[in-house]
Amino acid sequence: MQFFNAINLTVPLLASATETVDSSMVIASVLLSLVVIYFASKVGGELSNRVGLPPVLGELVGGVIIGISVLHLLVFPEGGTDSSNSLIMTFLQITAGLSPEATPQVFAAQSEVVSVLAELGVIILLFEIGLESNLKDLMDVGIQAVVVAVVGVAVPFAAGTVGLMALFGISPIPAIFAGAALTATSIGITSKVLSELGRLNSKEGQIILGAAVIDDVLGIIVLAVVASLAKDGAVDVGNVIYLITSATGFLVGAIVLGNVFNKTFVAIADKLKTRGELVIPAFIFAFVMAYFAAIIHLEAILGAFAAGLVLEETDKRKELQKQVIPIADMLVPIFFVTVGAKTDFGVLNPAIPSNREGLIMATFLITVAIIGKVITGLAVFGQPNINRLAIGVGMIPRGEVGLVFAGVGAASGVLSKPLGAAIIMMVILTTFLAPPLLRFVFPESTTAATLDGSDDTSLAVAAATHAGALEDSSDS
């Protein structure tokens, strides 16, 4: 009886919703949005790749061009924009007969669908990164890499958070979020340059790449904690301790679970004979883990990352990685382009007096981002004649990891427009600066003479593999 009552209650609701929003127009608007997103991601990615920069930067810039800052092709209501500013809505009115009265509802529905696809994209991105983060390598990177990673997270986070609060009067939650965005390190960008310079197997290269791998894990924990704080809207020390403990315990539990679950997962996959026999169970597991992370007040992306760590230990890892790539190719670009599209760089226009504080804020974040990572080289001990400046410079680029922070912050609504744009500027500039700076501190003319002859190259090889995976995810 309750079942039939539920049907009677639900059907009128669905009917009224259908009358309010023309579903065919919503589908048309989403399809046009995806055309614009994919076009911007490919053009931007290809151009970026041709000048020797990570394709993910091109995707971000492509999003900026089609978004609220330039062309207004892809805009979202949470930025204070209405349907009259969307060129996609205007195009539908001209070509598909969308009425002006129905446009606001279609615009809201289209924006919600694209935002959900973007969130799904970042979940899959973190699952993919987890698949490439070898647990044994994380445990074997050595004390030097651990120290560099911890300093590289703690110093920028503390300096950025305290500086924003003291100098700009930013409230604690947004300041903490911006400080957290400063902690990231992009292993893909650094490893590519180190490989080109022939320094991948040097002592400096091993420490840089090992620390960047650890940064991946620390960064995800920090992001989970900060995003949860943003939801609660207040800084509670007890809650912070709970979140840090929960996030750490969640990852440790995933590692323990991996030792038990690996063989079971492989056995299940071997018995399935229809299409998707491997990738579908993997995504079921990833989404279940993401769900559990969400219900204990962590971020869903932490659960997806933990699921990747677990499945990385299985015998099906390489096959699974290959099957995940095309799915990531479809969804991950939506996330990066959407981050760029939502960023309004107009709030940093120095010609407008009220915007100058935002520009100064961006300059402050960029300065902290660079100095906060460069000094990590000073934390290296017991290594005579090592290039500490090169280690610090190698930790500078934020790349795709920094964009994840910016995207989650924008989606949560905790960041103001100037602060969100300042974070994006920080990510772009640190990523652009890192390759030439690395070439400066590692002169190519002396590369061959100064390469380290250490027998322990397993870390560098593993990190290079991880870096390649992140480059693949960035290419997506």
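Preceding this section is the structure that the text describes.
Bear in mind the structure is a predicted one, so any value in this text is a computation, not a measurement.

In this structure, what is going on with the overall build of the chain? I would like to understand it.
When you go through the chain residue by residue, the secondary structure sums to 20 helices and zero strands. Residue burial in the chain is summarised as follows: out of 476 residues, 53% are buried. Partitioning the contacts of the chain with sequence separation of at least 6, the portion at a separation of at least 24 is 81%. For the chain, the accessible area works out to roughly 20,200 Å², and carbon and sulfur atoms hold 68% of it.

What exactly am I supposed to notice about unusual backbone geometry here?
One non-glycine residue, His 72, lies in the positive phi region at around 60°. Take His 72: it is sitting in the loop between α3 (55-66) and α4 (87-95). Of the residues examined, His 72 reaches a relative accessible area of 24% and is grouped as partly exposed.

Can you walk me through the pattern of salt bridges in this structure?
Opposite charge on two side chains permits them to pair, given that their charged atoms come into close proximity. If you walk through the whole model with that rule in mind, you get two salt bridges. Residue Lys 42 is joined to Glu 46 by a salt bridge in which the shortest nitrogen-to-oxygen separation is 3.7 Å. You can see Lys 42 and its partner Glu 46 sitting in helix α2 (residues 23-50), four residues apart, about one turn around the helix. The class for Lys 42 is partly exposed, based on a relative accessible area of 48%.

Just to check I follow, could you spell out helix α15 (residues 356-374) for this structure?
When the terminal C-alpha atoms of α15 are compared, their 27 Å separation across 19 residues agrees well with the 27 Å that a helix rising 1.5 Å per residue should span. Every buried residue of α15 is accounted for by Gly 358, Met 361, Ala 362, Phe 364, Leu 365, Ile 366, Val 368, Ala 369, Gly 372 and Lys 373.

Would you explain the environment of Val 148 in this entry?
Secondary-structure assignment places Val 148 in helix α7 (residues 143-168). Residue Val 148 is classed as buried on the basis of its relative accessible area, which comes to 0%. Residues Val 148 and Ile 391, spaced 243 residues apart in sequence, show a C-alpha to C-alpha distance of 8.6 Å. Discounting chain neighbours no more than four positions away, the residues touching Val 148 are Ile 207, Ala 211, Thr 376, Val 380, Ile 391 and Met 395.

Help me understand α3, please; the structure alone is not making it clear to me.
Note that an α-helix has 3.6 residues per turn; residues three or four places apart therefore point the same way. Look at α3: 17 Å from first C-alpha to last across 12 residues, which is about the 16 Å you get at 1.5 Å a residue. Of all the 12 residues making up α3, 10 are buried; the element is thus mostly covered by neighbouring parts of the structure. When we look at burial in α3, the residues that qualify are Pro 55, Val 56, Leu 57, Gly 58, Glu 59, Leu 60, Gly 62, Gly 63, Val 64 and Ile 66.

It is not clear to me how the packing of aromatic side chains should be interpreted in this structure. Could you clarify?
Two aromatic rings are characterised by how far apart their centres lie and by the angle between their planes. Here the structure, examined in full by the defined rule, presents five aromatic pairs. Consider the rings of Phe 127 and Phe 283, whose centres lie 5.6 Å apart with planes at 50°: the pair is tilted. You can see Phe 127 sitting in helix α5 (residues 103-132) and its partner Phe 283 sitting in helix α12 (residues 279-295), a full 156 residues away along the chain. Note on accessibility: Phe 127 and Phe 283 belong to one class, buried. The residue whose ring lies beneath Lys 342 is Phe 76, and the NZ or CZ to ring-centre distance is 4.8 Å.

Please clarify how a nonpolar patch on the surface should be interpreted in this entry.
There is a patch of nonpolar side chains on the surface, built from Ile 280, Ile 284, Val 288, Tyr 291, Phe 292 and Ile 295 and spanning about 570 Å² of accessible area. Along the polypeptide, Tyr 291 turns up in helix α12.

How do you make sense of the nonpolar core when you look at a structure like this?
Ranked by internal contacts, the top residues of the largest apolar core, which has 115 residues, are Phe 127, Leu 164, Leu 311, Leu 320, Leu 365, Val 404 and Met 426. It is α5 that provides the largest number of residues to this core, a total of 12 residues. Ignoring sequence-local partners within four residues, the contact set of Leu 365 consists of Leu 164, Leu 182, Leu 419, Ala 422, Ile 423 and Met 426. Ala 211, Ile 386, Val 441 and Phe 442 belong to the second largest nonpolar core, which has 21 residues in total.

Would you explain the packing of α12 against helix α13 (residues 300-312) in this entry?
Helix-helix packing is described using two parameters, namely the angle between the two axes and the distance between the axes. Taken N-terminus to C-terminus, the directions of α12 and α13 make an angle of 140°; their axes are 7 Å apart at the nearest point. Regarding the angle of α12 to α13, the classification is oblique. Read as a crossing pair, α12 and α13 show a hand that is right-handed. On the side of α12, the interface is formed by Ala 282, Phe 285, Ala 286, Met 289, Ala 290 and Ala 293, while α13 contributes Ala 300, Gly 303, Ala 304, Ala 306, Ala 307, Val 310 and Leu 311.

What is the right way to look at the packing of α5 against helix α14 (residues 317-342) in this model?
The contact between α5 and α14 brings their axes to 7 Å, and the two run at 140°. Between α5 and α14, the angle is such that the two are oblique. The way α5 lies across α14 gives a crossing that is left-handed. Its residues assigned to classes, the contact of α5 with α14 comprises 19 nonpolar, four polar and four charged.

Cut-off values and rules
- Residues numbered from 1 in each chain as written.
- Predicted model: local features only at pLDDT ≥ 70, side-chain atom pairs only at ≥ 80, totals over all residues.
- Heavy atoms only, no water.
- Helix = DSSP H or I, 4+ residues; strand = E, 2+ residues; numbered from the N terminus.
- Buried < 20%, exposed > 50% of the residue type's maximum accessible area, 1.4 Å probe, protein only.
- Contact = heavy atoms within 4.5 Å.
- Areas by Shrake-Rupley, 256 points an atom, 1.4 Å probe, with all protein chains shown as cover.
- Salt bridge = Lys/Arg side-chain N within 4 Å of Asp/Glu carboxyl O.
- Expected span 1.5 Å × (residues − 1).
- Phe/Tyr/Trp six-rings, centres within 6.5 Å; stacked < 30°, edge-to-face > 60°.
- Lys NZ or Arg CZ within 6 Å of the ring centre and 35° of its normal.
- Patch = residues over 30% accessible without salt bridge, like charges linked within 9 Å, V, L, I, M, F, W, Y side chains within 5 Å.
- Core = buried A, V, L, I, M, F, W, Y, C linked by side-chain atoms within 4.5 Å.
- Axes fitted to C-alpha atoms, helices over the stretch in contact; angles between N-to-C directions.
- Parallel < 35°, antiparallel > 145°, perpendicular 65-115°, else oblique.
- Left-handed = near helix turned anticlockwise from the far one by under 90°.
- Nonpolar A, V, L, I, M, F, W, Y, C, P; charged D, E, K, R; others polar.

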